[in-house]
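Here is how the chains run, residue by residue.
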Amino acid sequence: MFGDLFEEDYSSVSNNQNGKGKKLKPKPLEPPAPREFTNLSGIINQGGTCYLNSLLQTLHFTPEFREALFSLGPEELGSLEDKDEPGAKVRIIPLQLQRLFAQLLLLDQGAASTADLTDSFGWTSNEEMRQHDVQELNRILFSALETSLFGTSGHDLINRLYHGTVVNQIVCKECKNISEKQEDFLDLTVAVKNVSGLEDALWNMYVEEEVFDGDNLYHCGTCDQLVKATKSAKLRKLPPFLTVSLLRFNFDFVKCERYKETSCYTFPLRINLKPFCEQSKLNDLDYIYDLFSVIIHKGGCYGGHYHVYIKDVDHLGNWQFQEPDNNLKALQNEEDIDDPLTVLKAVLLQFLQVHSQTFLLSSDESTVSLQKKFSPQNKSDFQSNGQQILQMPASNPPTSDDNTTCPHWFDINDSRVQPIKEKDIEQQFQGKESAYMLFYRKSQLQRPREARANPKYRVPCHLLKEMDAANMELQKKRTECDFANNNIELHLHLGPHYHFFNGALHPVSCQTESMWDLTFDKRKTLGDLQQSIFQLLEFWEGDMVLSVAKRVPAGLHVYQALDGNELTLCEAGIADGEDIFVWNGVEVGGVQIPTGADCEPLLLHILHLEAGGDSRRCGQLVESPHVFPANAEVGTVLTVLAIPEGVILTHSATSAGEESWTPVPKENMQRTFREHGLGDGSSVLVQDSYSDANSLLSRGEKWITVRNEIDWLEIKNLCRLESEEKQVRIPAAVNTVVFDIRIKAIEELKLMKELVENSCLRPIDRNGKLLCPVPDNFTLKEAEVKLGSSLGLCVGKAPTAAQLFLFFALGSDIQPGTEMEVIVEETLSVRDCLKIMLEKSGLLGDAWHLRKMDWCYEAGEPLCEEDATLKELMICSGDTLLLIEGKLPPPGFLKVPIWWHQPQGLLGHWENEDQPHGSPAEGDSWRAASTQGVPGHEPAEVSLLYLGDIDISEDATLVDLKSQARALPPASELAVPGPALLRAWTVEDKRPGRLLRAERWQLKEHKLGQRAGICLEPLQREEHLGPQDVLLRTQMRIPGQRAYGPAVDLVWDTTRGSTAGALRQRVAESYALPVEKIEIAKYFPEKFEWLPISSWNQQITKKKKKKRQDNLQGAPYYLKDGDTIGIKNLLADEDEDFSTIRDDIGKEKLKQLALGKRHSRKALGAQNSDIFSSAGTPTQPRGPEASLSIHVGSFR
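Nothing here was measured: the structure is a model prediction, and the numbers come from that model.

A. Local environment of helix α9 (residues 198–206). Every buried residue of α9 is accounted for by L198, A201, L202 and Y206. For α9, the angular spread of buried residues about the axis comes to 105°, placing them on one side. Where α9 is buried, its residues contact β3 (164–172), β5 (188–191), β9 (229–237), β10 (241–247), β13 (270–272) and β20 (433–442).

B. Representation of the packing of helix α4 (residues 92–106) against helix α7 (residues 134–148) in the model. At a minimum axis distance of 8 Å, the contact between α4 and α7 shows a crossing angle of 115°. Put simply, α4 runs roughly perpendicular to α7. Residue-level inspection shows I93, P94 and L97 of α4 in contact with α7, the latter providing A144, L145 and S148. Split into classes, the residues belonging to the contact of α4 with α7 amount to 5 nonpolar, 1 polar and no charged.

C. Spotlight on a nonpolar patch on the surface. Taken together, W516, L536 and F539 make up a surface patch of nonpolar side chains, about 280 Å² in accessible area. Given a relative accessible area of 42%, L536 falls into the partly exposed group.

D. Representation of the state of the cysteines within the structure. Summed over all chains, the structure comprises 0 disulfides. You can see C760 has no disulfide; the closest cysteine sulfur is in C794, sitting 5.4 Å from it. Owing to a relative accessible area of 3%, C760 belongs among the buried residues under this scheme.

E. Representation of the packing of aromatic side chains within the structure. For the coordinates displayed, the defined rule picks out 19 aromatic pairs. Between F142 and Y162, the ring centres sit 4.8 Å apart and the planes meet at 40°, which makes this aromatic pair tilted. Of this pair, F142 sits in helix α7 while Y162 sits in helix α8 (residues 157–162), and the two are 20 residues apart along the sequence. Judged by its relative accessible area of 2%, F142 is buried. Assessed through its relative accessible area of 2%, Y162 is described here as buried. Among the aromatic residues, ring-to-ring pairing joins F65, F101, F142, Y162, F241, F292 and F439 into one connected group. Positioned above the aromatic ring of Y302, the side-chain terminus of R258 is 5.7 Å from the ring centre. Directly above the aromatic system of F1138 lies the positively charged group of K1128, at a separation of 4.4 Å from the ring centroid.

F. Main features of helix α2 (residues 63–70). In terms of residue burial, α2 counts as a mostly covered element, since 8 of its 8 residues are buried. Of the positions making up α2, those classed as buried are P63, E64, F65, R66, E67, A68, L69 and F70.

G. Quick peek at the packing of helix α1 (residues 50–60) against α7. As a packed pair, α1 and α7 sit with axes 10 Å apart at the nearest point and diverge in direction by 55°. Between α1 and α7, the interaxial angle falls into the category oblique. In terms of crossing hand, the pair formed by α1 and α7 is right-handed. Where α1 approaches α7, its residues Y51, L52, L55 and L59 are matched on the opposing element by V134, L137, N138, L141 and F142. Taken together, the residues that form the contact of α1 with α7 break down as 8 nonpolar, 1 polar and no charged.

Basis of the calculations
- Residues numbered from 1 in each chain as written.
- Predicted model: local features only at pLDDT ≥ 70, side-chain atom pairs only at ≥ 80, totals over all residues.
- Heavy atoms only, no water.
- Buried < 20%, exposed > 50% of the residue type's maximum accessible area, 1.4 Å probe, protein only.
- Helix = DSSP H or I, 4+ residues; strand = E, 2+ residues; numbered from the N terminus.
- Arc of directions from axis to C-beta.
- Contact = heavy atoms within 4.5 Å.
- Axes fitted to C-alpha atoms, helices over the stretch in contact; angles between N-to-C directions.
- Parallel < 35°, antiparallel > 145°, perpendicular 65-115°, else oblique.
- Nonpolar A, V, L, I, M, F, W, Y, C, P; charged D, E, K, R; others polar.
- Patch = residues over 30% accessible without salt bridge, like charges linked within 9 Å, V, L, I, M, F, W, Y side chains within 5 Å.
- Areas by Shrake-Rupley, 256 points an atom, 1.4 Å probe, with all protein chains shown as cover.
- Salt bridge = Lys/Arg side-chain N within 4 Å of Asp/Glu carboxyl O.
- Disulfide = S-S within 2.5 Å.
- Phe/Tyr/Trp six-rings, centres within 6.5 Å; stacked < 30°, edge-to-face > 60°.
- Lys NZ or Arg CZ within 6 Å of the ring centre and 35° of its normal.
- Left-handed = near helix turned anticlockwise from the far one by under 90°.

Scope: geometric values only; no functional claims are made or implied.
Structural data, given as structure tokens:
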């Protein structure tokens, strides 16, 4: 958000070591950068407006919307110049949208600003920093536009482009009378949970019919009697542009928290809506829609980031990838060079990409056409049955009428715009980053030929003039900025005007004669610079060498010569204000000049005793400046002072501010001044070895040896060997090699020297976990080890460059500290790696497979290609692999765990007297905790008995699955009945989940997934549940006891209504009780709570004051198959409580569990408080959600 605010600007600093201390001229304010190679403009994020940017880009790339907005002139909308005039009706929002679209089309800048537009919304800086929901914004923005355009020719712009209708119909099968109700929509909201994709959701909404028959008949007003009927919904009127909002965010009423649905949800590039519409005489092509925008949300339900995939319908951008060399890489292979077809294809592809303005290359590189001229071709008929998601026929020739032949897709992420391929959309089907809104356009909508690659098409003249003027102003500013940024000032020091004295160069006379200033373009070469200096210095004779120089306290010092006349000044590292020494490259005034950073002159302050005959000054401590080369030995100080033998002390300061001196050992006298860390201005104390040491120090000072505080690493002894030291601190710098640190740690820990060849260093994270070993040949910077962190010294060698260090664990429920470690070759196959891990785990058999743990610390996709190497699958050191039981089925097959489910005390079910009563083996069953001594029956207890796994084809039906499950050995002991007397459920959270109804459907149509479990429930008789039937478990409460009678299955037909009154009526009929004499409640087993269901539960909206009856399949009940319904007979039981003794015990356990978790969190917080306080990143509480609004003036 803050760009480069906190980043240093190194563009004006020389790469040489002498570039410090220069006074840099202030850089001018740079204009916006021009557009990048895509020739498209992004939008600047104001802090939290990525959702707004994504929607605005979608509207901008809807040409019909953009041009309809452009058609409204100032005579209808007013002028922005008059917006502050009293009484002026200026429609600011559409005017600012027009200007923004014009900027996105024509202004040569990489990203446009929405500040003026959000100001017209009435938003403050707080609202611009707060993120909102893009689906909510879509509706609010359309409403604001409708209000703003009231009374203009564009008053129906939104309805004309986005308005559609849905009709709900009930058809009497006797008289064929149709009762219908019509509803309007601007966008379709479709479910994501438990739905495989968009077409599946539309099928559920607009194809499946609810049937009224049997005990559930419909009262026809025409027939005036109860009759059989069907209820359905259809799309009646389709808009030119169809907006689809995906319900990714849901609320978990058990956990009382929101969550994001990240399951796989497919959607096609082209969709045929005819099956979902009313039958009409329209052409089949009128029902075909093409995808042109996908708004994507990345993150969770409380925050994240939006970006958008856009199809460039008018080909306004340059879609070609910047990969000109990729097609020629294959030519580096000798075998490919022998293939003339490969050579020709590579050359052709490179030619077409270079000339992208003339030729149009399809995304799959299979077809090519001209940008301007196209041959008319007949469109191929759309076949809905043969359609495949995200696959368009590659054989269709390009035509001017078919926009999908050469689709140009871009990923627009705020300011960044980059081309993508059509297949990249598949990545947005599922996950934390997934599609959130879909935008389709009728395939019959054709764009005029004049609009193709023409951004000025239909843009009003006044906006064209405004953009032209803005582009001229931008160009002018860029020229000025370019001049200011590229012209630098050089200080030329002329050699003949200098002499070498006291270790440095000094002017012979005044500074003005010895130094000239020159302004030069840094994009020019060193040869150009030398030529310019030759022209300036007409008196120069002989060779001319240009060298980088620097003014130091000792004088002027020359560094390296500027070689390479073809290099630009920028490439040579010449910065603004650089000092250039002009000489012959050898000597100055007959004296050979030492050059380079190694011999840089240092001005040191030498303190020593005054020697001589003057008794008053003899023995007094005096200070004198001396110049020494940086690469000279420290011992030369004694030579300069004519002291045959003495002690040299260097000056330093402690952290408390006290001055101290450190003596230089005799063995270090040969080290240089630079190696001792001495620089300009450093003080050195020299003492004759025969004098009293304390006489050189003033009163109050101490003779102490201190070492400057340096960076360090903490090395812990984890070798399990006895040592006096458990951990040591080793001095280190970012360029220190890991090997040196390890050797130093072994020495200081006083460990055996044998560890030198058999040990390694491993970083320790904040949780105490040992990470991947660090290679010995890496520096700390290369190994990404931070100074001040902890490393463990462990037994065992670090992996080589061709090896991988992997963690692995058993199962998907990983507990901290249970991971095992292994070092393998990166060329090892998955199969061999699995064998090694099984051996280390002590496991036998081949019924295992590997999965890679994803970034959420969950089991990811399985490693299906067992013959592929770890390197080919991009497995890296430090990755965690999970050993999952069960052999992977072959492609097209599922491995389905089968469970046996028989609810306890459920009446109307098949009973088997020969069923064994022994308890199942450990791990073979899941059973809810029971309560001893509780009278009567409890709410139906979940009991699942594991029967085994079956391998079955995805094309098999549910009947096939039941038949195959009956063949499992445990099933024969249970005398499992035939498939018709078995009810199938999916297994979710160790209890029955979704009821599988369609017996003849293929398993892939049930969307089971790779690891879905199935539990089978026995029935006494066959059942035929309709799509709108809900199967409930009902239990009558025993009067006077806190207990319930046996459970009874109840089928509730929701076609008669899914309200509380409809359910109460159905329950009353089943139990032959008056409806006003019963009370019912839904049981939530996870919370041990009952939620009463009353027909008087009604919500009142604030706006319309209209009562609305609850839908029990929605919040807060979410009634579904398998839910338990408790019933009280008010004729015999007036107690208002539905709970049982078991519920009280369960709630108490939950309370204790929550209390334990709270204490654990507090303990963990106290343990990590030091870490978080040092990091400076305290956890901030999540703020309340704020509503989104756009303020619009009144134009009515």
